[in-house]
Amino acid sequence: MDTKRETLLPLATYASVATAILLVGLKTWAWLASGSVSLLASLVDSLTDSMASIVNLFAVRLALRPADDNHPFGHGKAESLSALAQSAFIGGSAVFLLLNAVERLLHPQPLQQTTLGIAVMLVSLLLTLALVLFQRWVLRRAQSQAVSADSLHYVTDFASNIVVLVALVLAAWGWQRADAVLALLLGGWIFWSAAKIAIEAVNTLMDKALSPADIARIEAAALAVPGVLGIHDLRTRLSGARHFIQMHIDLDARLNIVEAHDIAVAVAAQIRALFEEAEVIVHQDPVEAGGQSAGQEAV
């Protein structure tokens, strides 16, 4: 297991949980004082952030556990399960927000203590920005679907804080309906973000192949090894940060077993060099002079 991931990923989850809890406290205080539906929406978003971040914390700790007898491929998909849970939290908060925004449009109410709300949202912006920058710094050094999903919904939270801040400023200037209108826009943005997180998580859980660009890199790396005449039956998937890659390579049937093995080892090494963590299986198929494969499929 990469010690860098073991150190950085838990640290990112601790920072996320601490920030979420602090924001919940600040926004609860400001919402009770102002009655802003946009601020309520932001509060609900932060509540779901805190729950999702706590789930994320445990998921990352589980995902970092090494493979064992019951989980020979590791625990990496715990990150995808966490991302899927986060998408449910975020989607639910979006629906709650949209319903409250519609109710406020139908029954507008004047806001109170907008100055306090503005001050709290400015603090929220700074805290959220600091967390997102830290998460991005971690992700540049250690890949994680769970932390990436967490970072995405905090980017959404950052955008929502800006919307709420604008709504409060406009309300202070007399445009009360701006609070509900902007809350509607914010709800749509949050729901779309949740959908993107869910799609990515489901793709990983369903063992979707790597991107066409990654597959092209893998093929190029294998074909660049001297002695490889062709490749076929390339299969790829992702679990957490670990890439699983299987392929068949065509080799000259006149090679002895040691020579064929050495070429396969070189192919595997070339592919592992492309990814931070990868498990590569290479099967050798002998090819006769006429180009027909004499090998058997690996089982």
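Just so it is clear, the model here is predicted, and its values are computed rather than measured.

Caption draft 1: Inspection of the overall build of the protein at higher detail. Along its length, the protein carries eight helices and three strands. N-terminal to C-terminal, the α/β element order of the protein is α-α-α-α-α-α-α-β-β-α-β. A sequence separation of at least 24 residues applies to 73% of the contacts in the protein between residues at least 6 apart. Carbon and sulfur atoms provide 65% of the accessible area of the protein, an area that totals close to 14,500 Å².

Caption draft 2: Region of the structure containing helix H7 (residues 212–223). Across its 12 residues, H7 extends 16 Å between first and last C-alpha, which sits within 8% of the 16 Å expected from 1.5 Å per residue. For H7, the full list of buried residues reads Asp-214, Ile-218, Ala-221 and Ala-222. Projected down its long axis, H7 shows its buried positions confined to an angular sector of 95°, all on one face. Elements in contact with the buried residues of H7: strand S1 (230–239), strand S2 (242–252) and helix H8 (257–272).

Caption draft 3: A look at the environment of Ala-269. For Ala-269, the position within the fold is in helix H8. Judged by its relative accessible area of 43%, Ala-269 falls in the partly exposed class. With 47 residues separating them in the primary sequence, Ala-269 and Ala-222 have C-alpha atoms 9.4 Å apart.

Caption draft 4: Main features of the sheet that holds S2. Strand order in the open sheet made by the three strands is S1-S2-S3, with mixed pairing throughout. Each having just a single partner strand, S1 and strand S3 (278–287) make up the two edges of the open sheet. Adjacent strand axes in the sheet meet at a mean angle of 10° when their direction is disregarded. Against the sheet, H7 engages S1 and S2, with an angle of about 135° to S1.

Caption draft 5: Fine view of the nonpolar core. Counting 21 residues, the largest nonpolar core has Met-121, Val-164 and Ile-190 as the members making the most contacts within it. Elements with a minimum of two residues in this core: helix H3 (77–106), helix H4 (114–141), helix H5 (145–172) and helix H6 (178–205). Per-element accounting of this core gives the leading share, six residues, to H6. Dropping the residues within four chain positions of it, Met-121 is found in contact with Lys-27, Leu-39, Ser-42, Asn-161, Val-164, Leu-165 and Leu-168. Leu-210, Ile-245, Ile-263 and Ala-264 belong to the second largest nonpolar core, which has 20 residues in total.

Caption draft 6: Inspection of the pairing of S3 at higher detail. Bridging between S2 and S3 involves 10 bridges; their strand directions are parallel. Within the sheet, the bridge partner assigned to Asp-252 lies in S3 and is Val-287. Crossover handedness for the path S2 to H8 to S3: right-handed.

Caption draft 7: Quick peek at the environment of Leu-255. Take Leu-255: it is sitting in the loop between S2 and H8. Classification of Leu-255 by relative accessible area gives partly exposed; the value is 28%. Through-space distance from the C-alpha of Leu-255 to that of Val-287 is 9.9 Å; in sequence the pair is 32 residues apart. Those residues in contact with Leu-255 that sit more than four places away from it in its chain are Ala-260 and Ile-263.

Caption draft 8: Up close: the pattern of salt bridges. Enumeration according to the criterion identifies two salt bridges in this entry. Arg-217 is paired through a salt bridge with Asp-214; the nearest N and O atoms lie 3.0 Å apart. In this pair, Arg-217 and Asp-214 are both assigned in helix H7, three residues apart and thus about one turn of the helix distant. Residue Arg-217 is classed as partly exposed on the basis of its relative accessible area of 37%. The exposure class of Asp-214 is buried, given its relative accessible area of 18%. One salt bridge connects Arg-254 with Asp-252, and the closest N-O pair in it is separated by 2.7 Å.

Caption draft 9: Here's a closer look at H8. For H8, with 16 residues, the first-to-last C-alpha span of 23 Å sits near the 22 Å given by 1.5 Å per residue. Within H8 the residues assigned to the buried category are Ala-260, Ile-263, Ala-264, Val-267, Ala-268 and Ile-271. Buried residues of H8 fall within an arc of 140° about the axis and therefore sit on the same side. Where H8 is buried, its residues contact H7, S2 and S3. Capping the start of H8, Asn-256 holds a side-chain oxygen 3.0 Å from the backbone nitrogen of Val-258, two or three residues further along.

Reading guide: rules and limits
- Residues numbered from 1 in each chain as written.
- Predicted model: local features only at pLDDT ≥ 70, side-chain atom pairs only at ≥ 80, totals over all residues.
- Heavy atoms only, no water.
- Helix = DSSP H or I, 4+ residues; strand = E, 2+ residues; numbered from the N terminus.
- Contact = heavy atoms within 4.5 Å.
- Areas by Shrake-Rupley, 256 points an atom, 1.4 Å probe, with all protein chains shown as cover.
- Expected span 1.5 Å × (residues − 1).
- Buried < 20%, exposed > 50% of the residue type's maximum accessible area, 1.4 Å probe, protein only.
- Arc of directions from axis to C-beta.
- Pairing = 2+ DSSP bridges.
- Axes fitted to C-alpha atoms, helices over the stretch in contact; angles between N-to-C directions.
- Core = buried A, V, L, I, M, F, W, Y, C linked by side-chain atoms within 4.5 Å.
- Right-handed = clockwise from strand over helix to strand, strands pointing away.
- Salt bridge = Lys/Arg side-chain N within 4 Å of Asp/Glu carboxyl O.
- Polar contact = N/O pair within 3.5 Å; in protein donor to acceptor, adjacent residues only side chain to side chain.

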